[in-house]
Amino acid sequence: MAQTNTKQKKKDNILTRILYGRFLSVDFFTRHWKAIALGMLMVMAYITNRYQCLTRMEEIRRLEQQLEVVETERVRERSTYMSRIRESSMQELVDTMHLHLKIQDQPPFKLSKN
């Protein structure tokens, strides 16, 4: 009897226990439910954190592209504004509106009493 019991224990190694489903039995889960629940919570927290990280990185990329577009538009608008306030373009605008204004040839000077 003792000899058959030792032969059975030799055959009952981890590989056979896994194959026959005795390694992860109900007893295992009832004994280690706290560790299993904690492990599952950690895995869920990791998955949630990874998903939030990826979505925030995608939002950062989208905002950087939007910033680049806005900066390009700002440069274009500034260029348009600077071309409008140049003296020659202002003179053309005054001429087209027939205001009869001219650019002075000489700078202004002060009159003084002697």
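All of these numbers come straight from a predicted model, not from anything done at the bench.

**Observations concerning the overall build of the protein**
Stage number 1. Scanning the protein from terminus to terminus reveals 5 helices and 0 strands.
Stage number 2. In the protein, the succession of α and β elements from N to C terminus is α-α-α-α-α.
Stage number 3. A burial count over the protein gives 1% of its 114 residues as buried.
Stage number 4. As displayed, the protein has an accessible area near 11,900 Å², and 61% of this comes from carbon and sulfur atoms.

**Considering a nonpolar patch on the surface**
Stage number 1. Taken together, the side chains of Met90, Leu93, Met97, Leu99 and Leu101 present a nonpolar region at the surface, about 480 Å² in accessible area.
Stage number 2. On the secondary structure map, Leu93 appears in helix 5 (residues 87–97).

**Quick word on the confidence of the model for the protein**
Stage number 1. Confidence in the prediction of the protein, expressed as mean pLDDT, is 84, and 87% of residues score 70 or more.
Stage number 2. Here helix 1 (residues 2–11) stands out as the least confident element of the protein, with mean pLDDT 57; helix 4 (residues 33–84) is the most confident, with 95.

**Re unusual backbone geometry**
Stage number 1. Positive phi is not limited to glycine here, since His98 has a value of about 55°.
Stage number 2. Within the element layout of this structure, His98 appears in the segment after helix 5.
Stage number 3. Even without glycine at this site, His100 takes up a positive phi of about 60°.
Stage number 4. Considering the arrangement of structural elements, one finds His100 in the segment after helix 5.
Stage number 5. Given a relative accessible area of 74%, His100 falls into the exposed group.

**Points about the pattern of salt bridges**
Stage number 1. In this structure the tally under the stated criterion is 2 salt bridges.
Stage number 2. Here Glu58 makes a salt bridge to Arg61, at a shortest N to O gap of 3.0 Å. Here Arg61 and Glu58 lie together in helix 4, a separation of 3 residues that amounts to about one turn.
Stage number 3. With a relative accessible area of 41%, Arg61 lands in the partly exposed category.
Stage number 4. Ionic pairing is found between Arg76 and Glu77, a salt bridge with its closest N-O pair at 3.4 Å.

Reading the values: rules and limits
- Residues numbered from 1 in each chain as written.
- Predicted model: local features only at pLDDT ≥ 70, side-chain atom pairs only at ≥ 80, totals over all residues.
- Heavy atoms only, no water.
- Helix = DSSP H or I, 4+ residues; strand = E, 2+ residues; numbered from the N terminus.
- Buried < 20%, exposed > 50% of the residue type's maximum accessible area, 1.4 Å probe, protein only.
- Areas by Shrake-Rupley, 256 points an atom, 1.4 Å probe, with all protein chains shown as cover.
- Patch = residues over 30% accessible without salt bridge, like charges linked within 9 Å, V, L, I, M, F, W, Y side chains within 5 Å.
- Salt bridge = Lys/Arg side-chain N within 4 Å of Asp/Glu carboxyl O.
- pLDDT = per-residue confidence, 0-100.

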